[in-house]
Amino acid sequence: MKKTKKIVVLLILILIIMPAGMYASNELYEIAIASIDNWLDSIPENQYQKATEDEIFRWKVMIEKNQGLGLFLTYYELLGEINQKEFIYENKIFNQKTIRYYQLFKYPDYFLSQADFSKIKVKPEKLLKTSYDYYRKNINKKEEQLAWLKQFMSFLSYYKHLINHKFYIEKINETNYDIVANILNQYIIISKYYLTKESINIPLIFLYTYNKNKPFITIGLGNNENSILEVLYHFSDTWKEYLKSEDKKTILNFVLPKYQDSDYAVKIYSVLSD
């Protein structure tokens, strides 16, 4: 545990000092990747035990009865009960890790269903903090990291066209900007890794599904560069008023000049440049 904490602290320090010029130096990038590898190696594999038949039946009924707007709170309740057990329903694995990941997808429906956002039971800044804390202590594969980071970026970008998006974004900005900046930097670092070293196998769509040989499967669709940049564009467009100058520079250094032929590079530059 002490080793894990030291590695996490080292990675955070690197993410703090790197942004302004991180892509001007391949050496800094390689240091960041090495730190991430050490971080991942320090995280033990989660072990789960099969739930009882009665528990599985009851939890399946909970999920089935609350499809749609109520599913986020069902996941929230399930996390309080499942402990280190797991089960499979409709080919999806349910345990502490996967449920937290599914929550990030379902939160928008829950948020939009609330009549008074100031009294919402699970606030966006709270979900972001608890999810990110879990992610950095438990996700120990690069492909899983990219999937979680992609979903974090989408979680942070969802509300830009809604009249209430400022309540959502400003609450996160006030309390968790450091987490937002870390997610951004890690997303760029891992994306660069996949685009330069494993460009054929980027997990653009990620599903925790039952498989005898693997705990998850990955499916790559479309143009890898554009898929990465599209996520970055929506994030930039949502956060342009709140991003610090060094974080804007980090994004632009990653995007230009390497990807300037992409329409998303044009869009990103347009929203972030003065």
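Just above, that's the structure.
Residues numbered from 1 in each chain as written. Predicted model: local features only at pLDDT ≥ 70, side-chain atom pairs only at ≥ 80, totals over all residues. Heavy atoms only, no water.

1. Notes on the pairing of strand β2 (residues 85-89)
Formally: Note on classification: 1.4 Å probe, protein chains only; a residue is buried when its accessible area is under 20% of the maximum for its type, exposed when over 50%, partly exposed between these limits. Note on conventions: DSSP H or I runs of at least 4 residues are helices, E runs of at least 2 residues are strands, and numbering of each starts at the N terminus. Here a strand pair is declared whenever DSSP counts at least two bridges between the two strands.
Burial of β2 is one-sided: the residues Lys85, Phe87 and Tyr89 facing one way are buried, the residues Glu86 and Ile88 facing the other way are not. Bridge count between strand β1 (residues 49-50) and β2: two bridges; the pairing is parallel. Bridge pairing in β2 links lysine 50 to glutamate 86. For β2 and strand β3 (residues 92-94), the ladder comprises three bridges, and the chain directions are antiparallel. Its bridge partner being in β3, isoleucine 88 is matched across the sheet by isoleucine 93. Remark: two residues form the turn of the hairpin made by β2 and β3, two consecutive strands paired antiparallel; glutamate 90 in that turn has positive phi of roughly 50 degrees.

2. Section: the pattern of salt bridges
Short version of the rule: Whenever Lys or Arg places a side-chain nitrogen within 4 Å of a carboxyl oxygen from Asp or Glu, that contact is recorded as a salt bridge.
Taken as a whole and assessed by the stated rule, the structure comprises six salt bridges. Between glutamate 144 and lysine 97 there is a salt bridge; the shortest N-O distance is 3.2 Å. Taken together, the positions of glutamate 144 in helix α7 (residues 142-157) and lysine 97 in helix α5 (residues 96-112) put the pair 47 residues apart, joining distant regions of the chain. Of the two residues, glutamate 144 and lysine 97, neither departs from the other in class, the shared state being buried. Residue aspartate 237 pairs with lysine 240 through a salt bridge whose shortest N-O separation is 3.1 Å. Residue aspartate 237 is classed as buried on the basis of its relative accessible area, which comes to 15%. What makes lysine 240 partly exposed here is its relative accessible area of 33%. A single network of salt bridges, built from pairs that share partners, joins Lys129, Asp133 and Arg136.

3. Side note on the packing of aromatic side chains
The condition is simple: Here is the rule: rings of Phe, Tyr and Trp (six-membered ring for Trp) pair when centre to centre is within 6.5 Å. Planes less than 30 degrees apart are stacked, more than 60 are edge-to-face, and the remainder are tilted. Think of it as a cone above the ring: NZ of Lys or CZ of Arg counts as a charge over the ring if it is within 6 Å of the ring centre and within 35 degrees of the ring normal.
All chains considered together, the criterion is met by 28 aromatic pairs. Where tyrosine 75 meets phenylalanine 94, the ring centres are 6.3 Å apart and the plane angle is 45 degrees; that geometry is what we call tilted. With a gap of 19 residues between them, tyrosine 75 in helix α4 (residues 71-82) and phenylalanine 94 in strand β3 connect regions that are remote in the sequence. With respect to class, tyrosine 75 is no different from phenylalanine 94; both count as buried. A network of ring pairs unites the aromatic residues Phe72, Tyr76, Tyr107, Tyr110, Phe111, Phe155 and Tyr168 as a single cluster. Cation over ring: lysine 142 sits above tyrosine 193, and NZ or CZ is 4.6 Å from the ring centre.

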